[in-house]
Amino acid sequence: MFERILIANRGEIALRVIRACKELGIGTVAVFSEADRGAQYLELADQAFCIGTAKSADSYLKIDQIIAAAEAGNVDAIHPGYGFLAENSHFNEVCRSCDFEFIGPSPDAMEKLGDKAQARAMAIAADVPVVPGSPGLIESHEAAVEAAKKIGYPVLIKATAGGGGKGMRVAMDEASLQTSLSQAQTEAKAAFGNGGVYLERFIDRPRHVEVQIIADKHGNVVHLGERDCSVQRRHQKLVEESPSPRLPKKTRDAMCEAAVRLVKSANYFNAATVEFIVDQNDDFYFIEVNARIQVEHPVTEMVTGIDLIKTQILVAAGEVLPFKQSDIKPRGASIECRINAEDPDKNFQPCPGKIQAMYVPGGMGVRFDSHAHTGYTVPPHYDSMIGKLIVYRPTRKEAIATMRRCLAELRVTGIKTTAGFQSEVLAQPEFADGTVDTKWVEREFLPRRGK
Ligand code: ADP
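Residues numbered from 1 in each chain as written. Predicted model: local features only at pLDDT ≥ 70, side-chain atom pairs only at ≥ 80, totals over all residues. Heavy atoms only, no water.

Chemist: Give me the lowdown on empty space enclosed by the protein, citing residues and values where you can.
Modeler: The final tally for this structure, using the stated rule, is 3 cavities of 30 Å³ or more. In this structure, the largest cavity spans a volume of roughly 60 Å³. Arg207, Asp228, Val231, Glu241 and Phe431 are the residues nearest the centre of the largest cavity, which is lined by 13 residues in total. The set of elements that each furnish at least two residues to the lining of the largest cavity consists of strand E10 (221-233), strand E11 (236-242) and helix H13 (429-433). Here the lining of the largest cavity gets 4 residues from one element, more than from any other, and that element is E10. A per-class count over the lining of the largest cavity returns 6 nonpolar, 2 polar and 5 charged. A volume near 40 Å³ is recorded for the second largest cavity. Looking at the second largest cavity, the residues that line it are Arg10, His371, Tyr376, Val378, Pro379, Tyr382, Asp383 and Met385. Residue classes in the lining of the second largest cavity are distributed as 5 nonpolar, 1 polar and 2 charged. (1 Å grid on protein atoms, 1.4 Å probe; cavity = no way out; pocket = protein on both sides within 12 Å on 5 of 7 lines; lining within 4 Å. Points joined across faces, edges and corners; volume = space filled by probe spheres on them. Helix = DSSP H or I, 4+ residues; strand = E, 2+ residues; numbered from the N terminus. Nonpolar A, V, L, I, M, F, W, Y, C, P; charged D, E, K, R; others polar.)

Chemist: How would you summarise the layout of surface pockets if you had to cite specific residues and measurements?
Modeler: The calculated volume of the second largest pocket comes to roughly 260 Å³. Along the walls of the second largest pocket sit 17 residues, with Arg207, Gln280, Gly434, Thr435 and Val436 positioned nearest its centre.

Chemist: Go over the site of the ligand, please, and point to the residues and values.
Modeler: The local shell around the ligand holds 22 residues, among which Lys116, Gly165, Arg201, Ile203 and Glu288 are the closest. Within the side chain of Lys116, one N or O atom sits 2.8 Å away from an oxygen atom of the ligand. The separation between an oxygen atom of the ligand and a polar side-chain atom of His208 is 2.9 Å. The fraction of the free accessible surface of the ligand (560 Å²) that becomes covered by protein chains is 95%. For the shell around the ligand, the elements supplying multiple residues, two or more each, are strand E6 (155-159), strand E8 (197-201), strand E12 (270-278) and strand E13 (284-290). (Near = heavy atom within 4 Å. Polar contact = N/O pair within 3.5 Å; in protein donor to acceptor, adjacent residues only side chain to side chain. Areas by Shrake-Rupley, 256 points an atom, 1.4 Å probe, with all protein chains shown as cover.)

Chemist: Tell me what's going on with the pattern of salt bridges, and back it up with residues and numbers.
Modeler: On inspection of all chains with the given rule, the structure shows 33 salt bridges. A salt bridge links Glu12 to Lys388; the shortest N-O distance between them is 2.9 Å. Taken as a pair, Glu12 in helix H1 (residues 11-24) and Lys388 in strand E21 (residues 385-393) lie far apart in primary sequence, 376 residues in all. Owing to a relative accessible area of 4%, Glu12 belongs among the buried residues under this scheme. For Glu430, the salt bridge is made with Arg448, and the minimal N-O distance between the two is 2.6 Å. Of the two residues, Glu430 sits in helix H13 while Arg448 sits in helix H14 (residues 440-449), which places them 18 residues apart along the sequence. (Salt bridge = Lys/Arg side-chain N within 4 Å of Asp/Glu carboxyl O. Buried < 20%, exposed > 50% of the residue type's maximum accessible area, 1.4 Å probe, protein only.)

Chemist: Give me the lowdown on the pairing of E8, citing residues and values where you can.
Modeler: With 4 of 5 residues buried, E8 lies mostly within the body of the structure. Note that E6 and E8 share 5 bridges and pair antiparallel. When the sheet's bridge partners are listed, Leu156 is paired in E8 with Glu200. (Pairing = 2+ DSSP bridges.)

Chemist: Quick rundown of the pairing of E11? Include the residues and the values.
Modeler: When a strand is regular, its side chains alternate between the sheet's two faces. Across the 7 residues of E11, 6 count as buried, placing the element largely inside the fold. Bridge analysis of E10 against E11 gives 4 bridges, and the strand direction is antiparallel. In the sheet register, Asp228 faces E11, and the bridge partner there is Glu241. A loop of 2 residues connects E10 with E11, the two strands running antiparallel in sequence, and Arg234 in this loop sits at a positive phi of about 50°. Two strands pair when backbone bridges link them, and E11 and strand E14 (residues 333-340) are joined in this way by 4 bridges, in the antiparallel orientation. Paired with Ser242 across the two strands is Ser334, which belongs to E14.

Chemist: Outline the side chain of Glu430, listing residues and values.
Modeler: Overall, Glu430 belongs to the buried group, its relative accessible area being 16%. In contact with Glu430, not counting residues within four places along its chain, are Thr435, Val436, Trp440, Glu444 and Arg448. (Contact = heavy atoms within 4.5 Å.)

Chemist: Which residues make up the packing of helix H12 (residues 419-426) against H14, and what values do they have?
Modeler: As a packed pair, H12 and H14 sit with axes 12 Å apart at the nearest point and diverge in direction by 100°. Put simply, H12 runs roughly perpendicular to H14. Of the residues in H14, those touching H12 at Phe421, Glu424 and Val425 are Trp440, Val441, Phe445, Leu446 and Arg449. (Axes fitted to C-alpha atoms, helices over the stretch in contact; angles between N-to-C directions. Parallel < 35°, antiparallel > 145°, perpendicular 65-115°, else oblique.)

Chemist: Run through the packing of aromatic side chains, naming residues and quoting values.
Modeler: Summed over all chains, the structure comprises 9 aromatic pairs. For the pair Tyr60 and Tyr382, a centre-to-centre distance of 5.5 Å together with 80° between the ring planes defines the contact as edge-to-face. Here the residue Tyr60 occupies a position in the loop between strand E3 (47-52) and helix H2 (63-72), and Tyr382 occupies one in the loop between strand E20 (377-378) and E21, the gap between them amounting to 322 residues. Using a relative accessible area of 1% as the deciding quantity, one classes Tyr60 as buried. A ring pair is formed by Phe276 and Phe284, whose centres lie 5.4 Å apart and whose planes are at 90°; its orientation type is edge-to-face. Across the pair, exposure class does not vary: Phe276 and Phe284 are buried alike. Every member of this aromatic cluster is reached through a ring pair, and the members are Phe348, Phe421, Trp440 and Phe445. (Phe/Tyr/Trp six-rings, centres within 6.5 Å; stacked < 30°, edge-to-face > 60°.)

Chemist: Kindly report on the domain arrangement of the chain, identifying the contributing residues and their values.
Modeler: Partitioning the chain into domains gives domain 1 (4-103), domain 2 (132-201) and domain 3 (207-449). Between the C-alpha centres of domain 1 and domain 3 the distance comes to 23 Å. Taken together, the 34 residues of domain 1 in the interface contact 30 residues of domain 3. When the area that domain 1 buries against domain 3 is broken down by residue, the three leading residues are Glu12, Arg16 and Tyr82, summing to 26%. At the boundary of domain 1 with domain 3, the tally comes to 6 salt bridges. Of the charged contacts in the structure, one is a salt bridge between Arg16 and Asp307, with a shortest N-O distance of 2.9 Å. Connecting domain 1 to domain 3 are 13 residue pairs in polar contact (both at pLDDT 80 or more). Sorting elements by how many residues they give to the side of domain 1 that touches domain 3 places H1 first, with 11 residues. Looking at the side of domain 1 that touches domain 3 residue by residue, the class counts come to 17 nonpolar, 8 polar and 9 charged. (Domains from an automatic or database assignment. Buried area = accessible area lost by both parts, 1.4 Å probe.)

Pasting the structure below:
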């Protein structure tokens, strides 16, 4: 087992990994930017190194600084968390070539599955349903017109290197295809340095359902069930839950098995999430793989009882998965709300600043993963999530009631948060019915709310 791990991240996920390491008896090395200097969670690590100035490009994305900290801290392994360098196969390779185990997949598997068009081709080869679309990347406008005719409008133009909804455009007809195509290509080239795009049929009112996978280096691949992340605003997830409400057992089983097939075919190890969209007929289609731990992993931990971060560390150290597929029996219902320092009444504008007072809810089945506290200053340089409120109850109905109680109990003064907004979402009949689709917040809830 590892003696010491460096966490190449900040905030909530850095704290989450430090906690797992402590329980495993593993030493921890944290890194921080000037903007995070003095943050309380850093005191929980055995050592902490400053790796640069506030801007991520000059700190959390600085590979040489992180490697220097790993050397100074004499660690055996590096946990990348999510975001920043977590899906950067070059960083993965550099870590390994410097003899630090990267807690994640091999650079090769990361690269193959990280490219959406390649992952799509692998999914087809592994007999995993994909959204009907162009056979590969679109090379010319004529090819796009041709492909879109076969697929049927509206079509979605997607960047192969895409993420966070960037480089994605809907074309309603042939006339808008040309402009949308060049817009998507330009946006993708600017954001990812790769302008490659492909087409998919635009699925009407889909739900977003994803499967958690964990795999060891001995060929064992186990799925830990699914999460539903349909409550989104502009492709940003706001509420996540497990299990997915209303998903027929047949669909769930087929989806989980498909996710395992795909990951196996890539000789993948460590944690992965295979994302699908589910249409109104409960047919599911693969959309992408996230080759890292995800923000919403706690809901899976709650229903399966498995600590995903600890398991990531175990399998990275070469251990065999301590459970088999038949051992996984999800129970109960878990919901997570991402508490962001944003103002829902001002178009979710980020609200960095000092938290004057913070009161955290508790009680049965309540978990709050957060690095924030009274007196903490949310820096303006990074994403605005200040914590994740997670509940776990025997039934979904009880989980909703507990979450609403907790959102009301959570008090954060000095900055605005999304908590009140999430409480309103959870009170809607569509949420109770489990019929929310990925555009519901923008199409129905925001206009209804009228702010
Ligand atoms: P990104 O990596 O940029 O987030 P994804 O491929 O994960 O892009 O898609 C993001 C979201 O876009 C999905 O959660 C879903 O809501 C929507 N989406 C993706 N593909 C389709 C599609 N073919 N039809 C309709 N909506 C889609």
